[in-house]
Amino acid sequence: VARTMGKLQSKISFHTTKYRAEGSVGQTGPAGASRQHSPAHTDAVTSVAALKPDLCVSGGRDKSVAVSSWRSGAALRRFTGHEREVTKVTSALNSSRVFSASRDKTVMMWELHGPSRPSQHFPGHDLVVTGLAVSPDASQLCTGSRDNTVCKWDTETGECLGRAAISRNLVTHLCWVPGEPYVIQTSEDKTTRVWDSRELQVAHTFPAKQHIQTCCDVSQDGRYCLSSSSGSAGHGAEATLWDLRQTRGRVCEYKGHFQTTTSCVFLPRSPTLAPSIATSSSDSTVKVWDQGTAGRG
């Protein structure tokens, strides 16, 4: 059954500590109160991504990128250089390279143990950059924008290796398939595409949904991808599970949000829990779903 976390209360019936590292920021004290830490940003946080098992990277409207510790809650590094708000951040897991996209139409690369200035700069889009995905070895980067284009970059040289444009393809999110040359992309044209990064061509397009696709994620085994939909008043706002390897079709839908589903993610696998996903929504809730039963089990 889908479980919902709202603004004021949590009704998750399993132990959420299974998703936390030992000694993590989310642990509560004897009184059940979460520990508080200094803000990583001076304005709204727009994006967050895992960097290492104990580190995360975030971007904000304050135009900065911050690296914080899951365990202590402290902001360990802060990078500045963008002229407008940061829209997306990402990194290759366990890499020391951090990437950020911005409304200033550029992407920047930062070295975790390097100077506070960017180590590489990727200009080339004509509008805000809204999609960002890095290859598992951090050697290549794919970016997407509201200018209808997807670009591929060499992270060492900053060279643009390819640029593909599709009419009305306003990119909302990108994610790289683990161990594969494929990149998943969601769009305001209501579709989810699979790009072959080698030639930067569309390898597959899933059937269009009824609403804008806002976000996507890929399972760690590379078998499935998720996309989430905009919506309102209980119409739309679903997440959809797609098969990447066999049928390349829709597996199931997760329905229950009343407004736009803004994000979707596969939760870490656990020997004691069935495969699960989480979705967040403009209706102020986070829902956790059983991946295989779409919340109906």
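Procedures and definitions
Residues numbered from 1 in each chain as written. Predicted model: local features only at pLDDT ≥ 70, side-chain atom pairs only at ≥ 80, totals over all residues. Heavy atoms only, no water. Helix = DSSP H or I, 4+ residues; strand = E, 2+ residues; numbered from the N terminus. Buried < 20%, exposed > 50% of the residue type's maximum accessible area, 1.4 Å probe, protein only. Contact = heavy atoms within 4.5 Å. Areas by Shrake-Rupley, 256 points an atom, 1.4 Å probe, with all protein chains shown as cover. Pairing = 2+ DSSP bridges. Axes fitted to C-alpha atoms, helices over the stretch in contact; angles between N-to-C directions. UniProt positions renumbered as here; feature names shortened; annotations may be inferred. Salt bridge = Lys/Arg side-chain N within 4 Å of Asp/Glu carboxyl O. Polar contact = N/O pair within 3.5 Å; in protein donor to acceptor, adjacent residues only side chain to side chain.

### Remarks on the overall build of the chain
From N to C terminus, the chain includes zero helices and 26 strands. Across the 297 residues of the chain, 49% fall into the buried class. Partitioning the contacts of the chain with sequence separation of at least 6, the portion at a separation of at least 24 is 42%. Put simply, the chain shows about 14,300 Å² of open surface, and 49% of that area lies on carbon and sulfur atoms.

### Looking at the sheet that holds strand E6 (residues 86-90)
Taken together, the four strands give an open sheet; going across it, the order is E6-E7-E8-E9, and neighbouring strands pair in antiparallel fashion. Of all the strands in the sheet, the pair left with one neighbour each is E6 and strand E9 (120-122). Along the sheet, successive strands turn relative to each other by an average axial angle of 20 degrees, direction set aside. As defined by bridge partners, strand E8 (residues 107-111) adjoins E9 across three bridges and the pair is classed as antiparallel.

### A look at the UniProt feature "repeat: WD" (unreviewed entry) in the chain
Sites flagged by UniProt as "repeat: WD" (unreviewed entry) map to residues 79-112, 122-163, 171-205 and 254-290. Segment residues 79-112 splits into 0% helix and 53% strand. End C-alpha atoms: 9 Å apart. Along residues 171-205, the helical share is 0% and the strand share 63%, with 14 Å between the first and last C-alpha atoms.

### Looking at the sheet that holds strand E12 (residues 149-154)
Taken together, four strands build an open sheet; the order of strands is E10-E11-E12-E13 and the sheet is antiparallel. One side of each edge strand has no neighbouring strand; the edge strands of this open sheet are strand E10 (129-134) and strand E13 (160-165). With strand direction ignored, the average angle separating the axes of adjacent strands in the sheet is 15 degrees. In this structure, E12 lies alongside E13, joined through five bridges in antiparallel fashion. When the bridges of E13 are listed, Trp153 appears paired with Cys160.

### Here's the deal with the pattern of salt bridges
Tallied over the full model, the rule gives 12 salt bridges. With a shortest N-O distance of 3.6 Å, Glu85 and Arg103 are connected by a salt bridge. One end of the pair, Glu85, is in the loop between strand E5 (75-80) and E6; the other, Arg103, is in the loop between strand E7 (97-102) and E8, and 18 residues separate them in sequence. Three or more residues are tied together by salt bridges with common partners; here these are Lys209, Glu238, Arg250, Glu253 and Lys255.

### A short note on the side chain of Arg193
The residue Arg193 is located in strand E16 (residues 192-196) in this model. Classification of Arg193 by relative accessible area gives buried; the value is 8%. One polar contact links Arg193 to Asn169, side chain to side chain, over a distance of 2.8 Å. At 3.1 Å, the side chain of Arg193 forms a polar contact with the side chain of Thr191. Discounting chain neighbours no more than four positions away, the residues touching Arg193 are Ile166, Asn169, Val183, Ile184, Gln185, Ser187, Val202, His204 and Thr205.

### Details of unusual backbone geometry
Despite not being glycine, Ala233 has its phi angle at roughly 50 degrees, a positive value. Summarising the element assignment, Ala233 is placed in the loop between strand E20 (231-232) and strand E21 (235-236). Using a relative accessible area of 66% as the deciding quantity, one classes Ala233 as exposed. Positive phi, close to 65 degrees, is recorded for Ala237, a residue that is not glycine.

### Digging into the side chain of Thr149
Tracing the backbone shows Thr149 in strand E12. Since its relative accessible area comes to 4%, Thr149 is described here as buried. A distance of 3.1 Å separates polar atoms of two side chains, one belonging to Thr149 and the other to His125. Apart from the residues within four sequence positions on either side, Thr149 is in contact with His125, Thr143, Gly144, Arg163, Ala164, Ala165, Asn169 and Val171.

### Some points on the environment of Pro118
By secondary structure assignment, the location of Pro118 is in the loop between E8 and E9. Given a relative accessible area of 30%, Pro118 falls into the partly exposed group. Put simply, Pro118 and Phe99 are 19 residues apart on the chain and 9.3 Å apart in space, counted from C-alpha to C-alpha. With sequence-adjacent residues up to four places away left out, Pro118 is seen in contact with Thr80, Met108, Met109 and Trp110.

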